[in-house]
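A structural walkthrough
Take a look at the letters that make up each chain.
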Amino acid sequence: MMCLSKSPVMASSSSLLSEVQLQCSICLDVFTDPVSTPCGHNFCRVCLKECWDSSSRCQCPVCKEEFSKRPELRVNTFISGLAAQFKKSVQLKSSRAPEKPAKSQVLCDVCCEKKSAALKSCLTCMASYCKTHLMPHKTAAKLKKHKLMDPVENLENYICQKHEKPLELFCRDDQTCVCQFCSETDHKTHSTVPIEEESGEKKIQMGRTLAEVQQMIQDRLKKIEEIKQSVELNQKSSEKEKADSVEVFRALLRCIERSQAELLEVMEEKQKAAERQAVEFIKELEQEITELKRRDTELEQLSHTEDHLHLLQVYPSLCSPPPTKNWTEVRINSHLRVEPLRRALTRLQGELSKEMEKIDEHELKRIQQYAVDVTLDPDSANPFLILSDDGKQVRLGDKRQNLPDKPERFDRCTCVLGKEGFSSGRFYYEVQVREKTKWDLGVTRESSNRKGASTMSPEDGYWRLLLRNQTEYTAADSLSVPLSLKQAPQKVGVFVDYEEGLVSFYDVESRSHIYSFTGQSFTEKLYPYFSPCLSEGGKNSAPLIITPVKLQK
């Protein structure tokens, strides 16, 4: 039988393994009840449980691998045995090591030969004492009155340099420690308290500061996680967009190749048809030439005959050329190749339009995820505007309302803003414009002028889309940009990417892009902007309505 002996590696594990190798990466101490994750990393059972309990995600603290279901944790007996053996070895070494004071330890000033560690320092005696030499201070009545403290090396720092007395008080006026004599002389009129009291208050303040610092740390750790998640989401989104883009271009390339093949086939067929036509024409011409040559021979022979009677008899049938085609206007059908090319390009244009529609639809679906709840701000509304009770609708009233003239209120332009301002990130909202012949939509910055007349261009802090005369759509860019839309939007989506400097408008129902302001620079809050415009004799009386965003499927 094979004899099982103790492995030399196991036998000397305590000497080969270091504390780092048996250290939990969470508590940074030697393992206690070590457990292993499916990815192969080890942690203390309690440490890992607390880590997972305090997070919404179940992942390895080391490699960040996520687990869809929290793994069942069982103690790794092998590592547990090594950790226990290591702790036992460390304890044994500690018990065998000679007791000697650490480098930073304060030594007794009375011990002669072997210096022992000081237990207390006396501010009255200006000396430090070990347990043995401290006994008089605990038994002698006079020494019991001395000021004792935890041992320190620099005792002179705890004594008033002017009066050579213990610094027992704190002057709050001068923010310095003083002795009893100082409080009766130079600091007589100052507010002084025992240093223990001031230290206690400072500890309370430190506790608050510590809590703030710890909260700041947690906030930043949370922000790190948010950034990491954002990077992951961006990466996934980028990969999806890359795949979609590749598929779009592949579809276009297939369409181009198909159109090219069809065009070449048409042109080849036209060329063959021209060649067949040329062969037929040549054959017909050769036949006519043969007939003409025969007639030429007959005429030549007749012209040399001496038989006058025969000439007169035959001449009537030979006096005119044989019947032939008039070849003056006959041409080979050499069509220009423009028309087939035009048809191919028109087909490509149609395919490209379809792909653009798919892109617009995908884009709208993506940005609708940034939908926000917008409510109209009555403090900004022009006095002629009437807002609904829920702050979701605005229309023009018949008369001016008596409202306070606040700085944020539009006094001449029939406009109103949303209550909520945005100074970062992305946001999106939708507005119903059905049955209106005139309206303005967009965003404006917080400091934009709201008094008097204004061009309301991007230079003035306004980014707007306009409808005039029921069918005339315009983007109010630095120079007005007339827009040609396939159909009249019934609901308009407004999207802003603050960091990208982008303001885009969409026809929600047709899922198509209308216009974008790009390359803008935003430095302050942006507010949703609405104007139902004048009613035009009741033709434009319908309200603008902020509607809930329904995510596209």
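Residues numbered from 1 in each chain as written. Predicted model: local features only at pLDDT ≥ 70, side-chain atom pairs only at ≥ 80, totals over all residues. Heavy atoms only, no water.

Notes on the overall build of the protein
Of regular secondary structure, the protein possesses nine helices and 21 strands. Oriented by its inertia axes, the alpha-carbon framework of the protein measures out at about 185 × 100 × 45 Å. Across the 553 residues of the protein, 30% fall into the buried class. With the model as given, the accessible surface of the protein reaches about 36400 Å², and the carbon-plus-sulfur share is 54%. (Helix = DSSP H or I, 4+ residues; strand = E, 2+ residues; numbered from the N terminus. Buried < 20%, exposed > 50% of the residue type's maximum accessible area, 1.4 Å probe, protein only. Areas by Shrake-Rupley, 256 points an atom, 1.4 Å probe, with all protein chains shown as cover.)

Things to note about the packing of helix α7 (residues 195-303) against helix α8 (residues 308-318)
In contact at an axis separation of 11 Å, α7 and α8 are set at 155 degrees when each is read in the N-to-C sense. Judged on the interaxial angle alone, α8 and α7 are roughly antiparallel. In this structure, α7 meets α8 at a crossing whose hand is left-handed. From α7, R295, E298, L299 and L302 reach across to α8, where they touch H310, L311, V314, Y315, S317 and L318. Each residue belonging to the contact of α7 with α8 can be placed in one class, and the counts come to six nonpolar, two polar and two charged. (Axes fitted to C-alpha atoms, helices over the stretch in contact; angles between N-to-C directions. Parallel < 35°, antiparallel > 145°, perpendicular 65-115°, else oblique. Left-handed = near helix turned anticlockwise from the far one by under 90°. Contact = heavy atoms within 4.5 Å. Nonpolar A, V, L, I, M, F, W, Y, C, P; charged D, E, K, R; others polar.)

Some remarks on the sheet that holds strand β13 (residues 439-445)
Spatially, six strands are ordered β11-β20-β13-β14-β15-β16 in an open sheet, and the strand pairing comes out antiparallel. Edge positions in the sheet fall to β11 (416-417) and β16 (481-483), since each of these pairs with one other strand and no more. Bridging between β13 and strand β14 (residues 462-468) involves six bridges; their strand directions are antiparallel. When the bridges of β14 are listed, T444 appears paired with Y462. (Pairing = 2+ DSSP bridges.)

Observations regarding α7
Over its 109 residues, α7 extends 154 Å from the first C-alpha to the last, a length consistent with the 162 Å expected when each residue adds 1.5 Å. Those residues of α7 that sit buried are E198, V248, A251, L252, C255, S259, L263, A274, F281, E288, R295 and L302. (Expected span 1.5 Å × (residues − 1).)

Thoughts on the nonpolar core
The tendency in soluble globular proteins is for nonpolar side chains to be buried side by side. One finds W439 and F530 to be the most contacted residues of the largest nonpolar core, which totals 35 residues. Counting residues in each nonpolar core, the second largest holds 18 residues, with C24, L73, A83 and F86 among its members. (Core = buried A, V, L, I, M, F, W, Y, C linked by side-chain atoms within 4.5 Å.)

Examining the pattern of salt bridges
Tallied over the entire structure, the rule returns 28 salt bridges. For E66, the salt bridge goes to R57, with nearest N and O atoms at 2.1 Å. Classification of E66 as partly exposed rests on a relative accessible area of 44%. Overlapping salt bridges bring together R172, E197, E198, E201 and K202 as one network. (Salt bridge = Lys/Arg side-chain N within 4 Å of Asp/Glu carboxyl O.)

Concerning the side chain of E198
The topology assignment puts E198 in helix α7. Side-chain polar atoms of E198 contact the side chain of K202, separated by 2.4 Å. Those residues within four positions of E198 in sequence are excluded, and the remaining contacts are F170, R172 and V193. (Polar contact = N/O pair within 3.5 Å; in protein donor to acceptor, adjacent residues only side chain to side chain.)

Just distances and angles here, no functional claims.
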